[in-house]
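The primary structure of each chain is shown beneath.
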Amino acid sequence: MFRTHKLLPLYLFLLALAPLSDAGQDIKIKYFLQANFTCKNGITTPGYSVYVVGSRPEIGEWVPAKAFLLSPANYPTWTGEVSFANVELNQEVKWKCIIRNENNPLDVQKWQPDPDNETTLIFSPSAQTTGTF
């Protein structure tokens, strides 16, 4: 009696899940691929910083107002890690360094000269990519 009383709810629960056993085929796993960006020779004046702008939403889709701010920890070299969502392995990302006003994102002081930088997103180690003004 004890065993039936305890196992019956478990059995009913598993029976209810049985029709969902094929649903796993449509499950999508969301993952992130990281890239480490470096912009060398980013000499700025007060109120301006170096940003990464490029072909993906995470780095602004070429819109300077949406660019990704880098860290000046090793000034005048600026660095930062960006996580890219919903990308395919080995997807290429095009990007540039810009010097932009911190308070007025429409005020871009300088763009890195052509050509665009490119990096390929990989699992491990993270992609390392460098641009220079």
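As recorded in an unreviewed UniProt entry, the chain goes by Carbohydrate-binding module family 20 domain-containing protein and comes from Pseudomonas sivasensis.

Caption draft 1: Expanded view of the nonpolar core. With 20 residues, the main nonpolar core has F37, C39, V50 and F84 as its most contacted residues. Elements supplying a minimum of two residues to this core: strand 1 (32-40), strand 2 (48-54), strand 5 (77-85) and strand 6 (92-101). Residue contacts for F37: discarding those within four places in its chain leaves V52, L70, W78, T79, G80, V82, F84, W95 and T129.

Caption draft 2: Structural detail: the pairing of strand 4 (residues 71-74). Inspection of the sheet shows strand 4 paired to strand 5 by 2 bridges, in the antiparallel sense. The residue bridging S71 from the neighbouring strand is T79, located in strand 5. In textbook terms, the turn of a hairpin is the stretch between consecutive antiparallel strands, and for strand 4 and strand 5 this stretch comprises 2 residues.

Caption draft 3: Structural context of the packing of aromatic side chains. One pass over the structure, following the stated rule, counts 3 aromatic pairs. Here the aromatic rings of F37 and F84 are separated by 6.3 Å at their centres, their planes lie at 55°, and the arrangement is tilted. On the criterion of sequence distance, the pair formed by F37 in strand 1 and F84 in strand 5 is long-range, its members being 47 residues apart. Each member of the pair F37 and F84 is classed as buried. Measuring from ring centre to ring centre gives 6.1 Å for Y75 and W78, while their planes differ by 70°; the resulting arrangement is edge-to-face. Taking relative accessible area as the criterion, Y75 reaches 41% and is therefore assigned partly exposed. A relative accessible area of 3% places W78 in the buried class.

How each quantity is defined
Residues numbered from 1 in each chain as written. Predicted model: local features only at pLDDT ≥ 70, side-chain atom pairs only at ≥ 80, totals over all residues. Heavy atoms only, no water. Core = buried A, V, L, I, M, F, W, Y, C linked by side-chain atoms within 4.5 Å. Buried < 20%, exposed > 50% of the residue type's maximum accessible area, 1.4 Å probe, protein only. Helix = DSSP H or I, 4+ residues; strand = E, 2+ residues; numbered from the N terminus. Contact = heavy atoms within 4.5 Å. Pairing = 2+ DSSP bridges. Phe/Tyr/Trp six-rings, centres within 6.5 Å; stacked < 30°, edge-to-face > 60°.

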